[in-house]
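Letter by letter, the chains look like this.
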Amino acid sequence: PRGTHKNFHNWTASVPDRPIDLRATTRRSRWSLRTGHWLPLLPTGGRREVSSSLVARDETNLMSHFLATRALRAGSLLARARSFTANPSESIASEEIRSNAATTDPLAAAPGETFRACDLEVQRSNHGLSLPEDLTKLSFGHDFAPHQLSVQWSSDRGWGRPVVKAIEHITLHPSAPVFHYGLGCFEGMKAYASEGKEGDVLMFRPEMNMERLRFSMGRLNLPSFDTSELLGCLKRLLKEDKDFVPRAPGYSLYLRPFAIGTNAFLGVAPATECEIRVITCPVGPYYPTGLVPIDLLLDEDHVRAFPGGTGQYKVGGNYAPTLEHLHRAKDFGCKQVLYTIPGAAAVLGGARGGSRYISECGAMNMFFLLENGKTGVRELVTPPLDGTILGGVTRDSILQLCREWDEFVVSERMISVEEIQTHARGGTLVEVFGSGTACVVQPVSSMIRENGERLETRKGLRKKDKVSERAYKALTDIQYGRIHHPWSESIY
């Protein structure tokens with residue numbers, strides 16, 4: 001059957017004589033002596049089902065699938081992550097919880113195939129560093145905290161022991177696949193100094209970033225791991241560098257987890273060695289003087305991602321090709337590029353022209369607040385997670401908040417350039433804004449087409465009436481612990 005090993009009789013020669021359901025056996029199945037089951041690391045048929053849904057641009061997609069899987073195990077792994085102490089001297093979970101987690105989550109690493117936070121080793125750095133007295137001198141991406149988290153994997157030894165150690169350069173053989181074939185993915189998240197509890201450090205929905213990193217690694221055929229274990233290791237890193245979390249309004253510690261293929265081999269093949277690292281850097285407020293709207297270049301010629309590709313994964317290959325377009329946007333006085341994707345008719349016809357649909361910015365998910373000119377009913381629209389869109393944590397949070405407010409229709413649907421143009425010309429394009437970890441919310445004043453046409457949002461809105469302002473305040477109140485909310489998670 002498709003998906004089973006070619007030499008299946010040789011492969012099973014050393015395992016117990018048990019009945020095997022070939023339909024549930026994939027190339028990454030493992031026999032567990034502890035549970036007595038075959039444990040597939042990828043869901044059966046997932047790739048075929050996902051491929052068809054992406055080509056059809058169905059709103060049910062791979063991101064929805066892994067979020068649903070995460071919800072199914074909320075009683076075990078997520079509860080475990082929320083109560084995590086990440087103290088290397090303490091037990092992280094009972095054996096019963098580990099066993100239950102391994103048998104209920106088909107995407108999780110099999111027993112023995114993940115690192116453990118309780119094994120973490122701390123090698124403190126005598127760095128003598130501290131935050132500058134003048135925090136305004138912090139420069140995003142240039143100033144780093146003194147420690148990093150590192151955990152290595154190899155195909156013959158599995159995951160090694162996680163280590164918190166001094167930040168240092170990475171030494172790799174020049175043939176490492178991360179250099180040649182883009183075997184690398186990353187995450188972006190932040191830690192915040194709590195304004196509600198002195199000395200506490202908070203993270204915002206960190207389990208979603210851990211899941212998404214594993215999701216991206218799976219697309220690159222990098223090894224799986226237990227996401228709650230990585231979260232525990234991350235908390236331990238933050239405890240070590242807690243003094244580098246700026247304690248001033250709007251400041252935070254930016255966290256960059258990433259995974260790369262590191263083995264020495266010059267060929268297109270799965271990595272036999274890889275490493276997960278987490279580095280951090282203290283950063284200042286994205287808007288020192290409040291939310292500032294920007295202009296976007298509306299790109300109707302290029303795509304950021306295509307159905308069936310890697311748009312929903314946070315891999316480096318989605319970002320490097322956008323740099324040329326970003327440079328070109330400056331010629332139009334724009335800060336970012338808003339990508340579009342051709343409709344089915346244009347794709348099948350193989351010709352230019354036809355309807356184009358909004359995708360996302362190079363670094364932001366997009367939202368459009370539209371008003372029905374006849375009824376006055378408002379609708380907040382964001383493109384669906386169809387395989388071309390990165391499932392942003394901030395995007396998901398804004399959708400949930402707006403649905404709780406229940407003041408306007410909230411839709412995840414396709415929206416065409418023509419529809420936006422109609423609303424802009426009719427004065428019913430009320431608001432446009434983007435969302436992401438760095439900015440939280442980024443208001444947009446207009447979208448500029450290459451022919452010079454400006455699709456402008458409505459002018460004269462009061463600050464308190466703007467969805468972007470309300471969403472920004474609601475999210476930052478949670479992130480900084482000004483209000484108690486389950487999305488805010490302490491490192492202690």
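Every residue gets a number counted from 1 within its own chain, in the order that chain's sequence is written. Reporting of local features is limited, given that this is a predicted model, to residues whose pLDDT is at least 70; pairs of side-chain atoms are given and counted only at 80 or more, and all residues count toward the totals for whole chains, interfaces and linings. In computing side-chain properties, one takes all heavy atoms of the structure into account and sets aside hydrogens as well as water.

### Thoughts on the confidence of the model for the protein chain
Link 1 in the chain: As a per-residue measure, pLDDT tells how confident the predictor is, with possible values from 0 to 100. Chain-level pLDDT for the protein chain is 83 on average; 75% of the residues reach the 70-or-more range.
Link 2 in the chain: Contacts: residue pairs with any heavy atoms within 4.5 Å of one another. Note that pLDDT drops below 50 for residues 1–104; the model gives that stretch 175 contacts with residues more than four away or on any other chain.

### What about empty space enclosed by the protein?
Link 1 in the chain: Think of a 1 Å grid over the protein atoms and nothing else: a 1.4 Å probe that fits but is trapped marks a cavity, an open set flanked by protein within 12 Å on at least five of seven lines marks a pocket, and residues with an atom within 4 Å of a point count as lining. Grid points are joined across faces, edges and corners, and a volume is the space filled by probe spheres set on the points. According to the stated counting rule, one finds 3 cavities of 30 Å³ or more in the structure shown.
Link 2 in the chain: If you trace the largest cavity, you find it lined by Gly188, Met189, Lys190, Tyr192, Phe204, Asn209, Val393, Thr394, Gly436, Thr437, Val440 and Gln479.
Link 3 in the chain: Strands are runs of DSSP state E lasting at least two residues, helices are runs of H or I lasting at least four, and both sets are numbered from the N terminus onward. Of all the elements, strand β8 (residues 189–193) adds the most residues to the lining of the largest cavity, at 3 residues.

### Focus on the layout of surface pockets
Link 1 in the chain: Size it by volume and the second largest pocket reaches roughly 1000 Å³.
Link 2 in the chain: Together, 39 residues line the second largest pocket, and Tyr286, Gln336, Ala363, Met364 and Ala438 are the ones closest to its centre.
Link 3 in the chain: When residues of the lining of the second largest pocket are traced back to their parent elements, those giving at least two are α7 (206–219), β10 (252–261), α9 (323–329), β13 (336–342), α11 (393–405) and β18 (429–436).
Link 4 in the chain: Three classes are used: nonpolar for Ala, Val, Leu, Ile, Met, Phe, Trp, Tyr, Cys and Pro, charged for Asp, Glu, Lys and Arg, and polar for all others, with Gly counted as polar. Tallied by class, residues from the lining of the second largest pocket come to 18 nonpolar, 14 polar and 7 charged.

### What to know about the packing of aromatic side chains
Link 1 in the chain: The pairing test for Phe, Tyr and Trp rings, Trp by its six-membered ring, is centres within 6.5 Å, and the orientation test on the planes gives stacked under 30 degrees, edge-to-face over 60, and tilted for anything in between. Taken as a whole, this structure holds 11 aromatic pairs when the rule is applied.
Link 2 in the chain: Arranged with centres 4.7 Å apart and planes meeting at 25°, the rings of Phe215 and Tyr313 form a pair that is stacked. You can see Phe215 sitting in helix α7 and its partner Tyr313 sitting in the loop between β12 (294–299) and α9, a full 98 residues away along the chain.
Link 3 in the chain: For Phe215, a relative accessible area of 10% corresponds to the buried category.
Link 4 in the chain: Working definition: with a 1.4 Å probe on protein chains only, accessible area under 20% of the residue-type maximum means buried, over 50% means exposed, and in between means partly exposed. Exposure remark for Tyr313: the relative accessible area of 5% places this residue in the buried category.
Link 5 in the chain: Grouped by ring-pair contacts, the aromatic residues Phe115, Trp159 and Phe225 constitute a single cluster.
Link 6 in the chain: A ring is considered to have a charge above it if a Lys NZ or an Arg CZ atom is located within 6 Å of its centre and within 35 degrees of its normal. Directly above the ring of Tyr319 sits Arg304, whose terminal nitrogen or CZ lies 5.9 Å from the centroid.
Link 7 in the chain: Lying across the ring of Trp405, Arg470 places its NZ or CZ 4.2 Å from the centre.

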